[in-house]
Every structure is written in C-alpha cells, then in structure tokens.
Amino acid sequence: MSRIEEACLLKHFQEAVEKGFIRPYFQPIFRSVTGNMIGAEALARWFDPEKGMLSPADFIPVLERAGLIYDLDMEILRQTCAFYRSLQSRGILLNLFSVNLSREDFRHDDLFEKVTSILDQYGVPREAIRLEITESLMLEDTETFQRVFRRFHDAGFSIWLDDFGSGYSSLNVLQNYEFDVMKFDMLFLRDDSPRGRQLLISLISMAKTLGIHTLTEGIETEEQREFLISAGCEAQQGFYYSKPVPEEEMAALCEKQNVETPEDRGYWGEIGLFNFTSPNPLHEYVKWKTAGPENGIGYGYRQSDSSIALVECSMERFRYVYASDEYKKRIRELGFDGVGGLEGALSNQRSHMFLMIRKLVLDALEQKSVQTFEYVYKDVYFRLSVLLLARKEGWAMVAMRLNTFDSEREVKTAQEMLNYSSALLSTYELVVLFYLDSNIVKRIYTANKMPVYDHEETIEESLRKFCEAEVEPVDQARYLRFMDLKTMMERVDASPKKFIQSIFRMRWIHTGSSWYTARITQIPTFTEKVHMLTIQNIQGNVSQWLDTVVMEHPELV
Ligand code: C2E
Ligand code: MG
Ligand code: MG
C-alpha cells in the first residue's frame, strides 16, 4: 500500500467508524465430533464507498502503525456485544464469541476497564466473550503483558492463543500464560504435508497434557475435517463450514444449525481433553487426571493408530460418537458390519458376551478407573477396556479401547479360553437365565442325562413341573418358595452381594448324590434385570454330612 493510500485510510477512519462502514463479519466455530455450532469469531471488515470491501490485511497494519487499532478493536467488540444482545432477544442462544486483540491494545492502561465496560453496557456475561491474541504479542514487554493478562483471567475471561504455528512460535508462551484454547494455524494443513499433520497431532496432544482446549482454523475440505477428528482436535473453523458472514446471515445460520447448549459445552469440554492419539490413552488419561496437568505426564506422540472409540451410553442404549479407523477394523475382525452392527447387538442381544460388556461399562461408570475384559468371540480373542470421561443428565461418555490378538501364541490362549469357559459351565448341572420383566426363561447349559421339558404356557408352570419331577418331595415346597418369581428380584436386590443361595435334595441319581446348591445371581444389564440360576452338585463327605445334620435337625431346612 502506497503512502498516499495509507494517509487516505487514516483520514477516513474516524468517519468510517461513525458511519458504520466498519463492521464485524462472523465466522462460525464447530465442535468436531458432533458438528454442532459452538460459537463464532468476529473479523473486521471495512466497506469503503469507493474501494468496496477492504480486508484486515489492508487496514490492520496501517491502523497499528498509526496507533488507531485500539479504537477499531473496541468498536468490533462493541458491535459484537450488540449482536449478542440482539440474538438473545430473538431467542437465539449462541453464547460464545471471540474477538481479536492487537498487541498495541495492551499499551493502553485502560484496556481492561474499557473491555469490561463495553460488556456491561450490553449486559454480556464474561464467559460469552473470548479474547484472541497472537503469540508474537507476548514476546515483547512480558511484564506489562503478564499483569494485564492475569487481570482478565482473574475476572473470568477466557483467552485464546491465536495462530499458533504461524510466524515466530515460541513454546515459552505456554509456560508463562494460562490459555484456555490453542488455535492452530491453517498452515499445518496446507499442501497435505505429512510433516505438518504429524506436527499438528503432536501439538494437539501437548495442548491436552497442559489442559488446554484445541481448535484448528482454515478447514477447507471434508478430508481435513476427518483428519482433525482422528487427531482429537476439539473444534474447527474454516471455509468448509462457512466463510465469515454478516450479522443477518450469521443469525440465519444459527437458526438452521444445531447450536450447542451450555450444559453440552461443559460435558464436551471434559471429553475434549481426552487424548486418543496416545499409545495407551486410557491409562495415561487416568494418570494425568490424578496427577493434574501441572505435573505434566507426557503422552507419547505418534500417528493416530490407536484403536479407540467414544461411546455414549444411557440406561437403554449405546451410541458410537467416534471410532478410529483401527477400532473399526477390529470390530470387523470380530465379524460385525462395523460399529453400527456392534451398537445394535449391544443394545438388543441377550447373549452372554453382550451381558458381560454391559457389566463392564456399568463397572466403569461406577469405578472411574479403567475396566478391562477379555473374551473370545467367533474365534477371535479380544480385550476391551472402558473408561468414564464425562456425564450429563441421563448420559455418560466412555472411551473404549479394543484390541484383538492374532499371533500364534495369542490364538492358542484364545482356544484355551474357549475350552475353559465351556469347562466352567460343565461344573454345573443346570444354568438358566430369567428375564423377569419380559417373562422369558432360557436354559444356557444342561448337564448330560438331564431331562429337557417342553415349553409350558408360563414360567410358573415350567417351574412347578420341574420341581415335581426333579426335587425330592421333602424339599419341593421350599424350592418353590426359593424360586418364587414375584419376590425373586426383591430378595436378590436386598442381599449384599446380589445373589441368594440355598441347598436342596434332587432326584438326579446319575451323580450319585442327592444334595445340590442352587444360586440366583443378578446380572446387570442396561435394558432389564436378568437373573441367573445355577445348580451345582455337592459331593462326598459334605453330602453325607448334610444328610446327618438334616436328619438330626430337620428344622434347619
Ligand atoms: P485470524 O484471527 O487468524 O482470522 C482468521 C483468518 O482466516 C480470517 O481472515 C478468515 O477469514 C480466514 N479464514 C477463515 N477460514 C479460512 C479458510 O478456510 N481458508 C482460508 N484460506 N482462510 C480462512 P481475515 O478476516 O482476513 O483476517 C485476517 C487477520 O486479521 C485475522 O487472522 C486477525 O489476526 C486479524 N483481524 C481480523 N479482524 C480483526 C480485528 O477486529 N482486530 C484485530 N486486532 N485483528 C483482526
Ligand atoms: Mg483470530
Ligand atoms: Mg487465527
């Protein structure tokens, strides 16, 4: 820009402000995994009657040199606050706007007072306005800057570090200041360079270890959007979603799109600090949470090949919010059509494995530590680990990590596990599942030579028939009381370990003994309560001993 043009700009600046030729455009910001709008950045535009729209690159350096940028920034802040107010009064609850501050602004002693008075004038809460500053700003005059920074922070303002990675990045700024958000420069995504992406993955990991939220700007393609989700970047902004737009268009966008609620912001904020590109994300996250970010336990940095998923669960269902490619691959190895297949199975199926997975998740919700489960499914040996990340009304978000094993040694272990689990079942005479809410009974294991009955009209009918045929007459009344379906749930619930147990004499002569223990155990599930009846033989001495005791003290049973 020539000297003359520069002088011309400066001459018209005051007039442009007064006549409303300088206005903010708004560029929306989105939550990566949900795609919901979380806020917008205010970017200055100057509409010159002769030259048309001028971009910040044309006038910001000029205003900075002339000491006028402060007036511009305060004007943009004022108009942003006015816009916030007008949206609220129209029932549009977008409540996060970021504005850019220039390094020159910090030379003004009344910066803090000025900013707060503008917010107060429009009744805008502090959390609604985020201040973006670039790092080059902080390398000069550290002391003044630190003082003002602290003042804003103490007063409840969030400060975002803009353009990290452009220009002269210095990691010192992260040591000296507490930022809430790091905004990564679009340069990292340019040219699709693998180095740029690897760097970005590492920087996102690093930000998380420091407890700083992450946002990348300049997203132009679907592919970039997906890459950032897999890198764990929480928020995105760029032409792919929307260019900066004038007020009215911004208001229309808010009406058209999902806007994140304040409750969701807290929830997703917690989830956002979870680093899923680390080699061992679950355990490292627990360590990090316990030690606190200031004790900076570093996450390992590497390409995001972790098998990790974010799964939202309620009492009724599972919903995959995100799954890494590696996780999807392993789900397919287990024979599902992808996460949708497993999601459906987890929500509906009554098989043993799904019940176990539900129990694992319930344990994770209670324990707040990593819960792990190993099993064999369709000849594939797998390990599933679950960790609670955050909760909100009716929902909880867990991180799941899935490993499948296929080396020779691992397959052998898998085979053993299969053999052992069936061996385990064969130590019982009978294993039955009761779905009391839906009145269904399923035998899952019956020992050899045990009679199998036709299905009866009702469960009560089957029970009565079984009792008459199999239980010794002396114990029949007691057996029916023990198995009383009307009170079964209540009795199990009331017992401290969630099972009830008793002993009965049965007529199964092939085992050579008449005493059996019967146990009803509650299995936790999401959809309904399931109870498992196991009947196991008591042998030898113990059995004879029972005969003697009961003969002498019949009142005991
Ligand atoms: P910034 O704060 O980093 O803003 C992001 C810039 O990237 C904006 O340029 C935006 O239009 C542009 N951008 C957004 N998405 C994309 C994309 O997908 N691809 C590409 N190629 N560009 C994208 P803009 O509006 O020209 O602003 C440039 C810079 O001027 C801003 O960078 C900011 O540092 C400064 N600026 C803008 N408004 C203000 C202001 O009110 N006060 C101060 N002090 N500086 C401002
Ligand atoms: Mg900015
Ligand atoms: Mg920027």
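Here the structure is shown first, and the text comes after it.
Residues numbered from 1 in each chain as written. Chains lettered and ligands numbered in written order. Predicted model: local features only at pLDDT ≥ 70, side-chain atom pairs only at ≥ 80, totals over all residues. Heavy atoms only, no water.

With respect to the overall build of the protein
Within the protein, the secondary structure is distributed over 20 helices and 19 strands. Its C-alpha radius of gyration of 33 Å places the protein more than 25% over the 24 Å reference for a compact globule of 557 residues. With respect to the principal axes defined by its C-alpha atoms, the protein has extents near 115 × 50 × 40 Å. Expressed as a percentage of its 557 residues, the buried residues of the protein come to 50%. Accessible area of the protein: about 27,000 Å², with a carbon and sulfur share of 51%. (Helix = DSSP H or I, 4+ residues; strand = E, 2+ residues; numbered from the N terminus. Rg over C-alpha atoms; globule rule 2.2 N^0.38 Å. Buried < 20%, exposed > 50% of the residue type's maximum accessible area, 1.4 Å probe, protein only. Areas by Shrake-Rupley, 256 points an atom, 1.4 Å probe, with all protein chains shown as cover.)

Re the site of ligand 1
The environment of ligand 1 is formed by 23 residues, the closest being Arg45, Asp73, Asp163, Glu220 and Phe239. Between an oxygen atom of ligand 1 and a side-chain N or O atom of glutamate 41, the distance comes to 3.0 Å. Separating an oxygen atom of ligand 1 from a side-chain N or O atom of arginine 45 is a distance of 2.8 Å. Look at ligand 1: alone it shows 790 Å² of surface, and the protein chains cover 81% of it. (Near = heavy atom within 4 Å. Polar contact = N/O pair within 3.5 Å; in protein donor to acceptor, adjacent residues only side chain to side chain.)

Side note on the sheet that holds strand E15 (residues 430–435)
Spatial strand order, E16-E15-E19-E18-E17: five strands in an open sheet with antiparallel pairing. The sheet terminates laterally at strand E16 (440–446) and strand E17 (499–505), the two strands that pair on one side only. Adjacent strand axes in the sheet meet at a mean angle of 20°, parallel and antiparallel pairs treated alike. Bridge analysis of E17 against strand E18 (residues 515–523) gives seven bridges, and the strand direction is antiparallel. Note that in E18 the partner of isoleucine 500 across the bridge is isoleucine 520. Relative to the sheet, helix H18 (residues 473–482) contacts E17, E18 and strand E19 (530–537), its axis offset from that of E17 by approximately 165°. (Pairing = 2+ DSSP bridges. Axes fitted to C-alpha atoms, helices over the stretch in contact; angles between N-to-C directions. Contact = heavy atoms within 4.5 Å.)

Notes on the coordination of the magnesium ion (ligand 3)
Coordination of the magnesium ion (ligand 3) by the protein involves Asp162 (OD), Asp163 (OD) and Glu217 (OE), with metal-donor separations of 1.9 to 2.2 Å. A separation of 3.8 Å is found between the magnesium ion (ligand 3) and the magnesium ion (ligand 2), which share aspartate 162 as a coordinating residue. Of this pair, aspartate 162 sits in strand E6 (residues 158–164) while glutamate 217 sits in strand E8 (residues 213–217), and the two are 55 residues apart along the sequence. The pair aspartate 162 / glutamate 217 is uniform in exposure class, with both members buried. (Donors = N, O, S within 2.8 Å, 3.2 Å for Na, K, Ca; no water.)

Quick notes on the coordination of the magnesium ion (ligand 2)
For the magnesium ion (ligand 2), the protein coordination sphere consists of Glu41 (OE), Asn100 (OD1), Glu132 (OE) and Asp162 (OD), at 2.0 to 2.3 Å. Classification of asparagine 100 as partly exposed rests on a relative accessible area of 23%. For aspartate 162, a relative accessible area of 5% puts it in the buried group.

Re the packing of aromatic side chains
This structure, assessed with the given rule, holds 25 aromatic pairs. When the centroid spacing of 6.1 Å and the interplanar angle of 90° are considered together, the rings of phenylalanine 164 and phenylalanine 184 count as edge-to-face. One end of the pair, phenylalanine 164, is in strand E6; the other, phenylalanine 184, is in strand E7 (residues 181–184), and 20 residues separate them in sequence. Their ring planes at 80° and their centres at 5.1 Å tell us that tyrosine 479 and phenylalanine 504 sit as a pair that is edge-to-face. (Phe/Tyr/Trp six-rings, centres within 6.5 Å; stacked < 30°, edge-to-face > 60°.)

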